[in-house]
Amino acid sequence: MESITGYTLRELRDKVSQLGMESYRANQILRWIYKKKVTDFELMTDLPRNYRLHLREIFSVCSLKLIKSVEAPSAVKYLFKTKDDHLIETVLIKERDHLTLCVSSQIGCAVGCKFCATALDGLKRNLKTEEIVDQFLQVQLTLKEHIRNVVFMGMGEPLANYDNVRKAVEIMISPWGFDLSKRRVTLSTSGLLKPLCKMRRDPLLKEINLAVSINAPFQELREEIMPLSEKNDLEELMKILREFPLPKYRRITLEYVLIKDLNDSPSMAKALADLIGKSVKRFKVNLIPYNPDPFLPYERPSLDRIMEFQRILWSKGISTFVRFSKGVEVFGACGQLRHNRNMLKSHFHESYSQMANGVSIDNCCSSLYKSNPGSSF
Ligand code: SF4
């Protein structure tokens, strides 16, 4: 049975026409699903009864099965099962005044970041459009408050699943879909060059927020930490990012996971500042203190070391934020998820994965510096 949430409005209009229904019925169906959060065709009462029966035979609304959720004060982790029995996770982050959903785009990941346990399992497959959309839909169904922000920072490299992620973004930001602001959708990538070039010419994706994992200011070290970067020249990546078309007042986030004695020295901070060079208005840096995992040989730097790194970047005029993320309590962390014996073997992209107990994103940012209020980071 096909999942209807894999269709854009245009595609669904064509599809229902082929089924012998008026094309405007597609608008009605999607209004029921995305605006009224109704997932049973039988309850779509402005459709003729024979249409409802027909739709029920052909389509399902939800493509994932919600297996369980684990709630903590700052986050909720949802465990879903796909139709082919893979498990994926989605994390709802409760920020001070809004909700952010961290969605997965792949089952596993092929990038192979050394500090990330998702890499240990390799890539199983891309998620389909409906499986990405359904993470949002099903989590929203459990809540009274609207989810305002979406970040593609869950399992997987979203740009390696370009077409499905693109279509899911279209459904998220379209007035006939979830109608989220483009400014509130963020795609986080390890920096795949070819898809990034495609993205900068893409009228839809170039409008959303872009975050890129840098993790090292030198090619050699970056290759060591992020093996896929062997094919991805750091200088070339920075060139693409410098030329990336940005909407007014928008900046690209450079993510940097700080790992003790690997990439956390003052000289690394200076080298990172040099890499950014004169483009200080184009980039901001998120420093993400590594969250230790018993299965991986890395440690988090001391707070003094983290602050020193930040001070160096600030001294060069680079907006830099330390992001202690939320979610450790529910094992919403990179590495934690994979090794969370009770849930599943998977985990999340580093940004929401390097999570620190008891320190909230908002508290951290506002107590240190004035955070960008329009940003989800
Ligand atoms: S950090 Fe992100 S890109 Fe790197 S292996 Fe993990 S999921 Fe993939």
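Further up the page is the structure itself.
Residues numbered from 1 in each chain as written. Predicted model: local features only at pLDDT ≥ 70, side-chain atom pairs only at ≥ 80, totals over all residues. Heavy atoms only, no water.

Enquirer: Tell me about the environment of Leu-127, and name the residues and values.
Expert: Structurally, Leu-127 is set in the loop between β8 (123-126) and α5 (129-141). For the pair Leu-127 and Pro-158, spaced 31 residues apart in sequence, the C-alpha to C-alpha distance is 9.6 Å. Aside from chain neighbours lying at most four places away, what touches Leu-127 is Thr-82, Ile-88, Ser-104, Ser-105, Gln-106, Ile-107, Ile-132, Gln-135, Asn-161 and Asn-164. (Helix = DSSP H or I, 4+ residues; strand = E, 2+ residues; numbered from the N terminus. Contact = heavy atoms within 4.5 Å.)

Enquirer: Please provide a residue-by-residue account of the pairing of strand β3 (residues 65-71), values included.
Expert: As paired strands, β3 and strand β4 (residues 75-81) are joined by six bridges and run antiparallel to one another. Its bridge partner lying in β4, Lys-65 is registered against Lys-81. (Pairing = 2+ DSSP bridges.)

Enquirer: So what about the packing of aromatic side chains? Which residues, and what values?
Expert: For the coordinates displayed, the defined rule picks out six aromatic pairs. On the basis of an interplanar angle of 65° and a centroid distance of 4.8 Å, the ring pair of Tyr-34 and Phe-178 is categorised as edge-to-face. Of this pair, Tyr-34 sits in helix α2 (residues 25-35) while Phe-178 sits in the loop between α6 (162-173) and β10 (185-189), and the two are 144 residues apart along the sequence. Among the residues examined, Tyr-34 registers a relative accessible area of 1% and is labelled buried. Its relative accessible area of 11% is what places Phe-178 among the buried residues. Ring centres 5.1 Å apart and planes at 40° place the aromatic pair Tyr-256 and Phe-309 in the tilted group. Of the two residues, Tyr-256 sits in strand β12 (residues 252-258) while Phe-309 sits in helix α11 (residues 303-315), which places them 53 residues apart along the sequence. According to the relative accessible area criterion, Phe-309 is buried, its value standing at 1%. Within the aromatic cluster, the residues linked to one another by ring pairs are Tyr-34, Phe-136 and Phe-178. Above the ring of Trp-32, the side-chain terminus of Lys-36 is found at 4.0 Å from the ring centroid. Over the face of the ring belonging to Tyr-162 we find Lys-198, whose NZ or CZ atom lies 4.2 Å from the ring centre. (Phe/Tyr/Trp six-rings, centres within 6.5 Å; stacked < 30°, edge-to-face > 60°. Buried < 20%, exposed > 50% of the residue type's maximum accessible area, 1.4 Å probe, protein only. Lys NZ or Arg CZ within 6 Å of the ring centre and 35° of its normal.)

Enquirer: How would you summarise the packing of α5 against α6 if you had to cite specific residues and measurements?
Expert: Axis separation between α5 and α6 bottoms out at 8 Å; the angle between their running directions is 40°. As the angle between them shows, α5 and α6 are arranged oblique. Handedness of the crossing formed by α5 with α6: right-handed. Contacts between α5 and α6 involve Thr-129, Ile-132, Val-133 and Phe-136 from the former and Asn-164, Val-165, Lys-167, Ala-168, Ile-171 and Met-172 from the latter. Residue composition of the contact of α5 with α6, by class: seven nonpolar, two polar and one charged. (Axes fitted to C-alpha atoms, helices over the stretch in contact; angles between N-to-C directions. Parallel < 35°, antiparallel > 145°, perpendicular 65-115°, else oblique. Left-handed = near helix turned anticlockwise from the far one by under 90°. Nonpolar A, V, L, I, M, F, W, Y, C, P; charged D, E, K, R; others polar.)

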